[in-house]
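Tertiary structure, described
The primary structure of each chain is shown beneath.
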Amino acid sequence: MSISRRQTLQWASSLLLGVSPLASATTAAASEASGAGRLSLFAGQIQLHGHTDGPVGKATFFDPRGLAVDPRNGDILLADAANALIRRITPLGEVSTLAGGAEVRVSKDGPALQARFVGPDALAVTLDGTIYIADSYANTLRVLRDGVVSTLAGQAGRQGYQDGHGTAAQFNHPVGIAVDPGTGDVLVADAYNNTLRRVSPEGRVRTIGGKPGVNGHRDGWLRQALFNTPVGLAVAPDGTIYVSEYFNQDVRKISPQGLVSTLAGQPTRRGDTDGRGAAALLRKPQQLCLDAQGNILLADGGNHKVRRITPDGEVTTLAGQGQLDKVELGPLPGALITPYGVAPGPQGSVLVSSGEAVLRITLPA
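The present account deals with the structure reproduced in this document. (Residues numbered from 1 in each chain as written. Predicted model: local features only at pLDDT ≥ 70, side-chain atom pairs only at ≥ 80, totals over all residues. Heavy atoms only, no water.)

**Side note on the overall build of the protein chain**
Just so we agree on the cut-off: Only DSSP runs of H or I reaching four residues or more are called helices, and only runs of E reaching two or more are called strands; each is numbered from the N terminus. For the radius of gyration, the atoms used are the C-alpha atoms, and the globule rule reads 2.2 Å times the number of residues raised to 0.38. Only protein chains enter the calculation, and the probe is 1.4 Å; a residue is then buried if its accessible area is under 20% of its type maximum, exposed if over 50%, and partly exposed in between. For every accessible area listed, the method is Shrake-Rupley and the probe measures 1.4 Å; residues are considered covered only by the protein chains on display.
Across its full length, the protein chain carries two helices and 29 strands. Its C-alpha radius of gyration of 19 Å places the protein chain within 12% of the 21 Å reference for a compact globule of 365 residues. With 365 residues in all, the protein chain has 58% of them scored as buried. Summing over all exposed atoms, the protein chain offers an accessible surface of approximately 13,800 Å²; the carbon and sulfur share of this is 52%.

Below, the structure is given as structure tokens:
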């Protein structure tokens with residue numbers, strides 16, 4: 001997020017305390033037919049921000065952030081942060097607004113289009129279509145169910161650290177979230193508390209890893225492990241948890257038994273290197289997700305790349321060039337501007353939020 005947009009959202013929270021869509025579609029289709037990898041426009045407009053709904057090239061976003069897939073129909077849900085909106089994108093790139101009011105940055109529950117957010121950053125969707133939203137700049141966890149937005153946990157506008165139920169709990173910039181398929185709990189990367197939290201569907205919050213106020217890196221059993229600004233979360237079907245850490249420059253793995261290890265990257269060492277485990281280097285990693293094969297897809301924000309990490313820690317680059325800070329569509333690797341959110345896309349592609357748009361990475365056959 002640019003400084004001006006970040007300041008805008010911080011100010012709002014303090015109050016509470018040129019690409020042708022036809023050409024893009026044509027080139028994307030051509031790349032699929034030829035088996036070549038390509039970066040193309042999926043939704044929004046690369047350099048133009050706004051809050052317009054509609055098809056590719058007409059719809060606009062304002063600092064699009066986290067992405068998630070609706071398992072019922074393959075639609076993509078987007079946390080449109082600076083617009084303070086939750087948007088829906090069909091597999092064909094048609095955008096509509098699900099919840100919130102454009103650039104009205106307050107915390108308000110109620111019917112979806114009357115509800116308001118401060119700065120939604122990430123979201124997760126359950127099998128029945130329930131959407132959990134990390135309203136990061138409000139320090140709350142919200143839920144959109146049956147057309148109504150409610151606050152599940154946290155106190156709007158009040159940052160802190162406290163386990164408890166509902167508004168008795170406190171967060172400090174909750175970012176990455178994921179639903180545990182075994183329990184239905186929501187896992188939260190509570191970034192500035194350096195902790196991982198577990199929230200029951202009824203809103204009971206408890207800390208499962210990390211120590212509030214302590215920046216560190218320590219592997220081992222979850223209760224003794226230390227984290228440094230965890231920002232991304234994904235949970236595998238077997239209960240394995242993956243965590244990206246912005247300032248530790250790595251991705252951690254938590255086994256179903258609770259053993260924490262470093263899967264890729266070197267703690268506190270920034271860089272841009274593919275490789276296995278500690279031989280790979282990352283720079284300010286952001287959100288992550290899992291693909292259909294169980295690989296991790298990571299928005300490597302500081303390197304302006306999307307990386308793929310196998311379950312055994314092998315890191316490769318899918319798209320982006322570290323030396324460029326712009327969007328450049330066309331044959332891979334293309335170029336990205338500070339990618340943030342990632343999600344599996346249609347026909348085995350990868351979606352990434354970058355600039356003011358959501359881009360599609362069509363991988364080589």
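**Considering the environment of D53**
Defined as follows: Contact between two residues is taken to exist if any of their heavy atoms lie within 4.5 Å; hydrogens are not considered. Any pair of nitrogen or oxygen atoms within 3.5 Å is treated as a polar contact; in protein, a donor-acceptor pairing is required on top of that, and neighbouring residues in sequence qualify only through side-chain atoms on both sides.
Tracing the backbone shows D53 in the loop between β1 (38-44) and β2 (64-69). Spatially, the C-alpha atom of D53 lies 9.6 Å from that of I89, the residues being 36 residues apart in sequence. Excluding residues that lie within four positions of it along the chain, D53 makes contacts with A59, R87, V95, S96 and T97. Within the structure, D53 has its side chain in polar contact with the side chain of R87 (distance 2.8 Å).

**Notes on the sheet that holds strand β11 (residues 164-165)**
Note the threshold: Note on pairing: DSSP must find at least two bridges between two strands before they are called paired.
Read from one edge to the other, the open sheet built from five strands follows the order β11-β15-β14-β13-β12, with strand pairing classed as antiparallel. The open sheet terminates on both sides in strands that have one partner only, identified here as β11 and β12 (174-179).

**Concerning the nonpolar core**
Rules: In these notes, a set of buried Ala, Val, Leu, Ile, Met, Phe, Trp, Tyr and Cys residues joined through side-chain atoms within 4.5 Å is what counts as a nonpolar core.
Counting residues in each nonpolar core, the largest one holds 18 residues, and the members touching the most others are V306, L336, V342, V352, L359 and I361. Secondary-structure elements contributing two or more residues to this core are β1, β23 (296-300), β25 (314-319), β28 (350-354) and β29 (357-362). Once you skip the residues sitting within four places of it in the chain, V306 turns out to touch L298, T316, T317, L318, A319, L336, V342, V350, V352 and I361.

**A short note on the side chain of H173**
As for its position among the elements, H173 is in the loop between β11 and β12. Beyond its immediate stretch of four places on either side in the chain, H173 contacts S136, Y137, N139, A189, D190, A191 and Y192.

**Examining the pattern of salt bridges**
Note the following rule: Think of a salt bridge as a Lys or Arg side-chain nitrogen and an Asp or Glu carboxyl oxygen that are within 4 Å of each other.
Taken as a whole and assessed by the stated rule, the structure comprises 23 salt bridges. Linking D180 and R198 is a salt bridge whose minimum nitrogen-to-oxygen distance equals 3.1 Å. In this pair, D180 sits in the loop between β12 and β13 (186-190) while R198 sits in strand β14 (residues 195-199), placing the two residues 18 residues apart along the sequence. Each member of the pair D180 and R198 is classed as buried. Residues joined by salt bridges that share partners form a network here, namely D272, D274, D300, K305 and R307.

**Some words on the sheet that holds strand β18 (residues 241-245)**
Sheet architecture is open: five strands sit in the order β16-β20-β19-β18-β17, paired in antiparallel fashion. Both outer strands of the open sheet, β16 (220-221) and β17 (230-235), are each paired with one neighbouring strand and no more. In this structure, β18 lies alongside strand β19 (residues 250-254), joined through five bridges in antiparallel fashion. The residue bridging I241 from the neighbouring strand is I254, located in β19.

**A few points about the environment of Q224**
Within the element layout of this structure, Q224 appears in the loop between β16 and β17. Put simply, Q224 and T126 are 98 residues apart on the chain and 30 Å apart in space, counted from C-alpha to C-alpha.

**Re the packing of aromatic side chains**
What counts is decided by this rule: Classification of ring pairs rests on two measures: the distance between centres of Phe, Tyr or Trp rings, Trp counted by its six-membered ring, which must be within 6.5 Å, and the angle between planes, read as stacked under 30 degrees, edge-to-face over 60 and tilted in between. In this scheme, the term charge over a ring applies when either NZ of a lysine or CZ of an arginine sits within 6 Å of the ring centre and within 35 degrees of the ring normal.
Summed over all chains, the structure comprises one aromatic pair. Seen in terms of ring centroids, Y246 and F247 are 4.9 Å apart; in terms of plane orientation they differ by 90°. Their pairing is edge-to-face. Between R65 and the ring centre of Y340, over which it is positioned, the NZ or CZ distance is 3.7 Å.

**A closer look at the environment of A102**
Structurally, A102 can be placed in the loop between β5 (95-100) and β6 (110-111). Discounting chain neighbours no more than four positions away, the residues touching A102 are H51, N83 and L85.

**A closer look at unusual backbone geometry**
Cis geometry is adopted by the peptide bond preceding P333, which originates at L332 and carries an omega value of 15°. Examined against the element boundaries, P333 turns out to sit in the loop between β26 (330-331) and β27 (342-344). Its identity is not glycine, yet D63 carries a phi of approximately 60°, on the positive side. The class of D63 is buried, set by a relative accessible area of 6%.

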